[in-house]
Amino acid sequence: MRISGKTVVITGGAKGIGATAARAFCEQGAQVAIIDFDEKAGEALAQQLHAEGNDAAFFKADVSDEQDVDSAAQAIAEQFGTVDILVNNAGITMDAMTLKMDVSTFKRVLDVNVTGVFNCTKAFLPGMVEAGAGRIISTSSIAGTGGNVGQANYAASKAAIIGMTKTWAKEFGPKGITVNAVAPGFIETEMIESIPEKVIAQIRQLTPFPRFGRPEDIANAYLFLASDQASFINGTVLEVDGGMLK
Ligand code: NAI
């Protein structure tokens, strides 16, 4: 894969899938800017990657806050120049059955998962437009394509990402920028630690593959969509879920 020398921004890159992706892009020779609001984990990862000889740095921002994102984008531009690849990976869940979900819980998930993707895309697009090239990859979910009990807010946010991806593919494809989404299935990270054992057993039954997904599976999808080999893939949603029945 030809990613060497490219600059990539990974949001939510301090932990979980994002951290695995940060390492994977470093291994391919990319310069990696990690955006996250978890300063401790983000700094620790960036320092570790740096100590291993990679060009990686951490920038603190809450993706739902436009000013925060713009300040981080400014700092990234000063350190790395134009960003070639943006991975909108940051996301949260705040699950509850709809009748028990208050509107603030609904809105917070949309703020991070939807407005966060909007803020970051707007911040890094101008450089890509100027360069006449770029890659935007956003993380949706099988909850966004198929819905999920107790996740009205999360499913809405992940479906919105698909809508934005398809819109931006049309808006920015003519400028040489591809925009795609990855829809992970059940991936073993901190995010799924709170899922009850009963639900895990159900997911196991629905997955026609002998293991659950790993962060590496999603990082590999990001790498592929960012590579030269994917240059004509635009506006697609790549499902990485072991063939999970929806
Ligand atoms: P995680 O919870 O392990 O990591 C998420 C990262 O995003 C953390 O480092 C966190 O600090 C950061 N983050 C959260 N809110 C933020 C904000 N407002 N501003 C900046 N950073 C913020 O989650 P995981 O599992 O690595 O998920 C990554 C992406 O994959 C998310 O978009 C998630 O919705 C999606 N996904 C995960 C699945 C799974 O099974 N783990 C399944 C489907 C989608």
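Residues numbered from 1 in each chain as written. Predicted model: local features only at pLDDT ≥ 70, side-chain atom pairs only at ≥ 80, totals over all residues. Heavy atoms only, no water.

1. Regarding the site of the ligand
Neighbouring the ligand are 30 residues, the closest being Ile17, Asp36, Asn89, Tyr154 and Thr189. Taking asparagine 89, its main chain carries an N or O atom lying 2.8 Å from an oxygen atom of the ligand. Against a free-state accessible area of 830 Å², the protein chains account for coverage of 95% of the ligand. When residues of the shell around the ligand are traced back to their parent elements, those giving at least two are helix H1 (16-27), helix H4 (103-131) and helix H6 (152-172). Tallied by class, the residues present in the shell around the ligand amount to 14 nonpolar, nine polar and seven charged. (Near = heavy atom within 4 Å. Polar contact = N/O pair within 3.5 Å; in protein donor to acceptor, adjacent residues only side chain to side chain. Areas by Shrake-Rupley, 256 points an atom, 1.4 Å probe, with all protein chains shown as cover. Helix = DSSP H or I, 4+ residues; strand = E, 2+ residues; numbered from the N terminus. Nonpolar A, V, L, I, M, F, W, Y, C, P; charged D, E, K, R; others polar.)

2. Some remarks on the packing of H1 against helix H8 (residues 215-226)
Orientation of H1 relative to H8, taken along the N-to-C sense of each, is 50°, at an axis distance of 8 Å. It follows that H1 is oblique to H8 by the angle criterion. In terms of crossing hand, the pair formed by H1 and H8 is right-handed. Residues Gly16, Ile17, Thr20, Ala21, Ala24 and Phe25 of H1 lie in contact with H8, whose contacting residues are Pro215, Glu216, Ile218, Ala219, Tyr222, Leu223 and Ala226. Here the contact of H1 with H8 is built from residues that sort into ten nonpolar, two polar and one charged. (Axes fitted to C-alpha atoms, helices over the stretch in contact; angles between N-to-C directions. Parallel < 35°, antiparallel > 145°, perpendicular 65-115°, else oblique. Left-handed = near helix turned anticlockwise from the far one by under 90°. Contact = heavy atoms within 4.5 Å.)

3. A short note on the layout of surface pockets
By volume, the second largest pocket is sized at about 150 Å³. Together, Lys6, Thr82, Asp84, Ile85, Ala131, Ala133, Gly134, Arg135, Ala226, Ser227 and Asp228 line the second largest pocket. Here the lining of the second largest pocket is built from residues that sort into four nonpolar, three polar and four charged. (1 Å grid on protein atoms, 1.4 Å probe; cavity = no way out; pocket = protein on both sides within 12 Å on 5 of 7 lines; lining within 4 Å. Points joined across faces, edges and corners; volume = space filled by probe spheres on them.)

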